[in-house]
Amino acid sequence: MLVQEELQKKICDFLGILRYSVEYRGAIGLLDQNFIAQSFIAKFINIIYGYDLINLDRDGHKYPAIDLGDSYRKIAFQVTATKTPKKIEETIEIFIRHKQYENFRHLKFLILGKKQKRYSQVFQTDNLFEFNPETDILDLKDIVRKLPSLSLEKLQRLSYLIDSEFSGTVIFKPTYQILQAPHHQDSLPVEEVKPDNVVRTVRWVNVPLYSDPGCQQRRPDMTGVILDNRQHPGNVFAGYSIHPTSPNLFKEGAQVIILYSGNSVCDKSWYRNPETHEITFAWDGSRELIGRMVEVA
């Protein structure tokens, strides 16, 4: 517990310095968007929330109104130091005007500072994408509140990430001094080595997952997707397999190439078999399945 507390303190100190640096620089007109690289912010959010965001500027395409995107979960973030409703409205208008909802169906904001206590305005999305000001406008305090619930492994990764950005300073205690452990590499999506003669097709989606063997405690942010696995030639049925995933990520009938998230893991789980309704053990722990989906002609 002492190690986890030390790591939480270090991350809190970092976020505190970030908040006040953005606020005080803004007070004298120094709105330097490069104070922290967007790629760093993407990795930071990925570790905490289990996303697979990337810095959208890096792929050469233009994405007005948004900075980070998870193409698997269709989630986009704008990272900004401005917390006003006007800023939110302007971003949403640009998001709609440029049809970003065709690429991302969920818009979120990360305020590099302190957001307003409430956003009572009605933000017009024309029902084109998901946005809830109560839950989709985050600030640095929201991130701090998540720290006590993070695993030691995630806290280590956040600490190493801070080391990588601020290695030339003496403000933060290096992670190895806390853990005396080797450097932790970034986690990227992992594609399974798939035999050429195996075709995986989505059979059932949004299968409820439970954290207890009696299937009473449903997991709120994760569902199961069941794949029909067949060997070719011959279309020989090789069995079903279940994987954790985000809700509504896959469509029944689509073919899937296995790609696992580098940041999201689902703990020990059970589910009810969609055909027999029997309670079935799923896994001790599994990375989240995020794609790729191939439409069947």
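Relevant structure appears above.
A brief report on the enclosed structure follows.

### Observations concerning the packing of helix α2 (residues 38–49) against helix α6 (residues 152–165)
Next, step 1: The contact between α2 and α6 brings their axes to 9 Å, and the two run at 170 degrees. Comparing their axes, α6 and α2 come out roughly antiparallel. Contacts from F40, K43, F44, I47 and I48 of α2 reach α6 at K154, R157, L158, L161, I162 and E165.
Next, step 2: For the contact of α2 with α6, the per-class residue count stands at 7 nonpolar, no polar and 4 charged.

### So, the side chain of T223
Next, step 1: Along the chain, T223 falls in strand β8 (residues 218–231).
Next, step 2: T223 sits in the buried class, given a relative accessible area of 7%.
Next, step 3: When residues no more than four places from it in sequence are discounted, the contact partners of T223 are N206, V207, L209, H243, P244, T245, S246 and P247.

### Section: the pairing of strand β10 (residues 255–272)
Next, step 1: The pairing of strand β6 (residues 190–191) with β10 spans 2 bridges and is classified as antiparallel. Within the sheet, the bridge partner assigned to E191 lies in β10 and is L259.
Next, step 2: Pairing of strand β7 (residues 198–210) with β10 involves 2 bridges; the strand directions are antiparallel. Considered in β10, the bridge of Y210 is made with W270.

### So, unusual backbone geometry
Next, step 1: For the bond from H232 to P233, the omega torsion is 0 degrees, close enough to zero to count as cis.
Next, step 2: For K99, which is not a glycine, the phi torsion comes out positive at approximately 55 degrees.
Next, step 3: Within the secondary structure, K99 is located in the loop between α3 (85–97) and β4 (106–111).
Next, step 4: Even without being glycine, N248 reaches a positive phi, approximately 60 degrees.

### As for the sheet that holds strand β1 (residues 54–55)
Next, step 1: In space, the 5 strands of this open sheet follow the order β1-β2-β3-β4-β5, with mixed pairing throughout. The outermost strands of the open sheet, each flanked by one partner alone, are β1 and β5 (137–139).
Next, step 2: Pairing of β4 with β5 involves 3 bridges; the strand directions are parallel. Opposite I111, over in β5, you have D139 as the bridge partner.

What counts, and where the lines are drawn
Residues numbered from 1 in each chain as written. Predicted model: local features only at pLDDT ≥ 70, side-chain atom pairs only at ≥ 80, totals over all residues. Heavy atoms only, no water. Axes fitted to C-alpha atoms, helices over the stretch in contact; angles between N-to-C directions. Helix = DSSP H or I, 4+ residues; strand = E, 2+ residues; numbered from the N terminus. Parallel < 35°, antiparallel > 145°, perpendicular 65-115°, else oblique. Contact = heavy atoms within 4.5 Å. Nonpolar A, V, L, I, M, F, W, Y, C, P; charged D, E, K, R; others polar. Buried < 20%, exposed > 50% of the residue type's maximum accessible area, 1.4 Å probe, protein only. Pairing = 2+ DSSP bridges.

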